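# Coordinate analysis (summary)
Spelled out from the first residue to the last, the chains are:
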Amino acid sequence: MRTKTPRESRTVMTDMVLPSETNPLNNLFGGELLARMDRAASIAARRHSRRITVTASVNHVAFNRSVPLGSVVTVEAAVSRAFKTSMEIFIDVWMEDRFTGERAKANEAIYTFVAVDDTGIPTEVPPIQPETDLEKERFDAALRRKQLSLVLAGKMKPSDATELKALFTS
Ligand SMILES: CC(C)(COP(=O)(O)OP(=O)(O)OC[C@H]1O[C@@H](n2cnc3c(N)ncnc32)[C@H](O)[C@@H]1OP(=O)(O)O)[C@@H](O)C(=O)NCCC(=O)NCCS
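About the thresholds
- Residues numbered from 1 in each chain as written.
- Predicted model: local features only at pLDDT ≥ 70, side-chain atom pairs only at ≥ 80, totals over all residues.
- Pairing = 2+ DSSP bridges.
- Helix = DSSP H or I, 4+ residues; strand = E, 2+ residues; numbered from the N terminus.
- Near = placed C-beta within 6 Å.
- Nonpolar A, V, L, I, M, F, W, Y, C, P; charged D, E, K, R; others polar.
- Expected span 1.5 Å × (residues − 1).
- Bend = angle between axes of the 7 residues up to and from the residue.
- Buried ≥ 20, exposed ≤ 12 C-beta atoms within 10 Å, placed from the backbone.
- Contact = placed C-beta atoms within 7 Å.
- Axes fitted to C-alpha atoms, helices over the stretch in contact; angles between N-to-C directions.

## Some points on the pairing of strand β5 (residues 103–116)
For strand β2 (residues 52–62) and β5, the ladder comprises nine bridges, and the chain directions are antiparallel. The residue of β5 that forms the bridge with T53 is A115. Of the pairings in the sheet, the one linking strand β4 (residues 86–96) to β5 comprises eleven bridges and is antiparallel in character. The residue bridging F90 from the neighbouring strand is I110, located in β5. Where β4 folds back onto β5 in an antiparallel hairpin, the turn is made up of six residues, including G101, whose phi is positive at roughly 80°.

## With respect to the site of the ligand
Close to the ligand lie 18 residues, the nearest being F83, K84, T85, S86 and S149. If one sorts the elements of the shell around the ligand by residue count, β2 sits on top with four residues. Taken together, the residues that form the shell around the ligand break down as eight nonpolar, seven polar and three charged.

## Structural notes on helix α3 (residues 133–152)
Its 20 residues place the ends of α3 29 Å apart at the C-alpha level, agreeing with the 28 Å of an ideal helix rising 1.5 Å per residue. Maximal helix bending in α3 amounts to about 35°, located at A142. Listed as buried for α3 are E135, R138, F139, A142, R145, K146 and S149. Contacts from the buried residues of α3 go to α1 (6–9), β2, β3 (72–82), β4 and β5. Downstream of α3 by one or two residues, G154 has phi in the positive range, about 75°.

## Considerations on the sheet that holds β5
In space, the five strands of this open sheet follow the order β1-β3-β4-β5-β2, with antiparallel pairing throughout. Single-partner strands in this sheet number two, and they are β1 (11–16) and β2. For this sheet, the mean inter-axis angle between neighbouring strands, taken without regard to orientation, is 25°. Where α3 meets the sheet, its contacts fall on β2, β3, β4 and β5, and the angle it forms with β3 comes to roughly 75°.

## Section: the environment of S9
Relative to the helices and strands, S9 is located in helix α1. Between the alpha carbons of S9 and R36 there is a distance of 16 Å; along the sequence they are 27 residues apart. Not counting the four nearest positions on each side in its chain, S9 is found in contact with A44, R47, H48, A78 and V79.

## Considerations on the environment of I91
Structurally, the position occupied by I91 is in strand β4. Separated by 13 residues in the primary sequence, I91 and A78 place their C-alpha atoms 6.8 Å from one another. Apart from the residues within four sequence positions on either side, I91 is in contact with M37, A40, A41, V75, E76, A77, E108, A109 and Y111.

Here is the structure:
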C-alpha cells in the first residue's frame, strides 16, 4: 500500500451555530460539536484508508471555549498516525469572530477510527508519513495515546503499555 501523508486526509467542515444546536446559555451544545467532529474525522479516516471506517474510541476532548449562537465554526480533521487497521485522527476546532473575521482555536479532540470490510472485520490501512513539525509531534505521541486508550478500555494490560511505562522510567 502506498504511504500517504496527513495532508491527503485533511478534511475541513465549516458551518454556523443555529438556535436548535445550543444549550440554555445560548452556546453550542457539546453533543452537537462531538457529532460534527465525528463526521469530519470519519471523512478523514475514509480519505486515508478508502475503506468503510467506524469510530472505535474518543480518546480526548477538550471543550476549552464556549461557542456562542451564530458563530461560524470550522472543524479540521486529519489522520495523525495509521497503525495496522486503526487510525488516530486529530481534530482542531476554530471559531471565527463575527466582526473581525479573526480565527481562534475553540476546542480539540482525538478520535480513533478502524477500517473495516463489508462484514465489519478490521482491515489494513496504508502507512502514513508526517511532513510538518506539528504532524511529526502528533505522530510521535500517537502510540502512547493508543496504548492509554487500550488500557482504559481494558484491551491492554498496563504492564504491556511500553510507551506509557517509558514516560515514568526515562
Ligand atoms: C472498532 C472495532 C471494529 C474493533 O474491533 P475489534 O474486534 O476490537 O478488533 P481488534 O481488537 O482487532 O482492533 C482493531 C484495531 O482497533 C484498535 N482498537 C480497538 N479498540 C480501541 C480503543 N478503545 N482505542 C484505541 N484503539 C482501539 C486496536 O488496537 C486495533 O488496532 P490496530 O489493528 O491498528 O493495531 C469493533 O469494536 C466495532 O465494530 N465497534 C463498533 C464501532 C461502531 O459502531 N462505532 C460507532 C459507535 S455508535
